[in-house]
Each structure stands twice: as structure tokens, then as C-alpha cells.
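# Commentary on secondary and tertiary structure
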Amino acid sequence: MYDTDRRKLLSALSHGAIFLSTTFISIGLPIGILFITDDPVVKDNAKEAINFHFNVWLWGAIIAVLIFVSFGLLIPLAGLGYLLHWGLTIWAIFHVLNDPDKPFRYPFIFRVF
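In this text, all values refer to a predicted model and were calculated from it rather than measured experimentally.

Given a rise of 1.5 Å per residue, 13 residues ought to cover 18 Å, and the 18 Å separating the end C-alpha atoms of helix α1 (residues 4-16) matches this to within 8%. Turning to α1, its buried residues number three or more, namely Arg7, Leu10, Ser11, Ala12, Ser14, His15 and Gly16. Taken together, the buried residues of α1 touch α2 (28-36), α3 (40-69) and α4 (75-98). For α1, the side-chain oxygen to backbone nitrogen distance between the N-cap and Asp5 is 3.4 Å, and the N-cap itself is Asp3.

This is the structure in C-alpha cells:
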């Protein structure tokens, strides 16, 4: 049996790392957690957080190109992107704290891992 409090903490840190920044630095936390833990639920949450990072970068790049091409007219799209990205992350943290035995799965993302 795995320690529930440790599972909650590591899972929440994996998902919450994206709040540190949307750069490559924040992905280091879930990658580190993936390699140091032997808990299968925490590993699944870390993999899902890594996949979410990739999706945030992909959609951020697409939105940036659209803003550039539209000469800034689509700037509100960036705000919508941040609201969606923060909302999904808050939902993931809430989920792993309330149901630590089940890994969180982000809806509508591409999964590399």
C-alpha cells in the first residue's frame, strides 16, 4: 500500500508545476517525480502532466502565430488560452487531492507518453 499523503503531494506537484512557468523549467518537476517515485498513480499523474505541458506549448505556439498573422486582433484568444490552461490545471489538482487513488486525465489533449 502506498502513502496517501505522499501520493497527493507528488501528484499535485506534478500537475501544479505548470504554474511555476510555461517554459521548459516547469516540466522538470514532473519528469523528476516520474523518475524518483515507484507509485504507479503518481507516475501516471506525472506522465499526464508532461503531456499537458506539451499541449500547452503546442497550442500557445498556434495562438501566437494567429495573433501575429492577425496583427494583434486575436489577442483575446491568448487570454482564453490562459483561462483554459489554468482552469484545467486547477481541476487536475482538485481531482488528485480528492481522489488520490485515481490518476487524472486531461480531456482533449494529445498524449506522447
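The next point concerns the pattern of salt bridges. If you walk through the whole model with that rule in mind, you get four salt bridges. When the shortest N-O distance is used, the salt bridge between Asp39 and Arg7 registers 2.8 Å. One end of the pair, Asp39, is in the loop between α2 and α3; the other, Arg7, is in helix α1, with 32 residues separating them in the sequence. Looking at Asp39, the relative accessible area reads 5%, which means it is buried. For Arg7, a relative accessible area of 8% translates into the label buried. A salt bridge links Arg7 to Asp101; the shortest N-O distance between them is 2.8 Å.

Where α1 contacts α3, the axes come no closer than 8 Å and their chain directions differ by 10 degrees. Looking at the two axes, α1 sits roughly parallel to α3. Counted together, Arg7, Leu10, Ser11, Ser14 and His15 of α1 and Val41, Val42, Asn45, Ala46, Glu48 and Ala49 of α3 form the full contact between these two elements. Of the residues assigned to the contact of α1 with α3, the class counts are five nonpolar, four polar and two charged.

What follows covers a nonpolar patch on the surface. A surface patch of nonpolar side chains, about 680 Å² in accessible area, is lined by Leu58, Trp59, Ile62, Leu66, Leu73, Leu74 and Phe110. Positionally, Leu73 belongs in the loop between α3 and α4. The class of Leu73 is exposed, set by a relative accessible area of 71%.

Of the volumes computed, that of the largest pocket is approximately 550 Å³. Every residue lining the largest pocket is counted, 19 residues in all, and those nearest its centre are Val56, Trp59, Ile63, Gly81 and His85. Contributions of two or more residues to the lining of the largest pocket are made by α3 and α4. Within the lining of the largest pocket, the residues separate by chemical class into 14 nonpolar, five polar and no charged.

On inspection of all chains with the given rule, the structure shows six aromatic pairs. Centroid distance Phe52 to Tyr106: 4.0 Å. Interplanar angle 5 degrees. Geometry classified as stacked. Pair noted here: Phe52 is in helix α3 and Tyr106 is in the segment after α4, with a separation of 54 residues, a long-range link. Residue class for Phe52 comes out buried when judged on its relative accessible area of 5%. Linked through ring pairs, Phe52, Trp91, Phe104 and Tyr106 together constitute an aromatic cluster.

Analysis parameters
- Residues numbered from 1 in each chain as written.
- Predicted model: local features only at pLDDT ≥ 70, side-chain atom pairs only at ≥ 80, totals over all residues.
- Heavy atoms only, no water.
- Helix = DSSP H or I, 4+ residues; strand = E, 2+ residues; numbered from the N terminus.
- Expected span 1.5 Å × (residues − 1).
- Buried < 20%, exposed > 50% of the residue type's maximum accessible area, 1.4 Å probe, protein only.
- Contact = heavy atoms within 4.5 Å.
- Polar contact = N/O pair within 3.5 Å; in protein donor to acceptor, adjacent residues only side chain to side chain.
- Salt bridge = Lys/Arg side-chain N within 4 Å of Asp/Glu carboxyl O.
- Axes fitted to C-alpha atoms, helices over the stretch in contact; angles between N-to-C directions.
- Parallel < 35°, antiparallel > 145°, perpendicular 65-115°, else oblique.
- Nonpolar A, V, L, I, M, F, W, Y, C, P; charged D, E, K, R; others polar.
- Patch = residues over 30% accessible without salt bridge, like charges linked within 9 Å, V, L, I, M, F, W, Y side chains within 5 Å.
- Areas by Shrake-Rupley, 256 points an atom, 1.4 Å probe, with all protein chains shown as cover.
- 1 Å grid on protein atoms, 1.4 Å probe; cavity = no way out; pocket = protein on both sides within 12 Å on 5 of 7 lines; lining within 4 Å.
- Points joined across faces, edges and corners; volume = space filled by probe spheres on them.
- Phe/Tyr/Trp six-rings, centres within 6.5 Å; stacked < 30°, edge-to-face > 60°.

Honestly, it's all geometry; don't read function into it.
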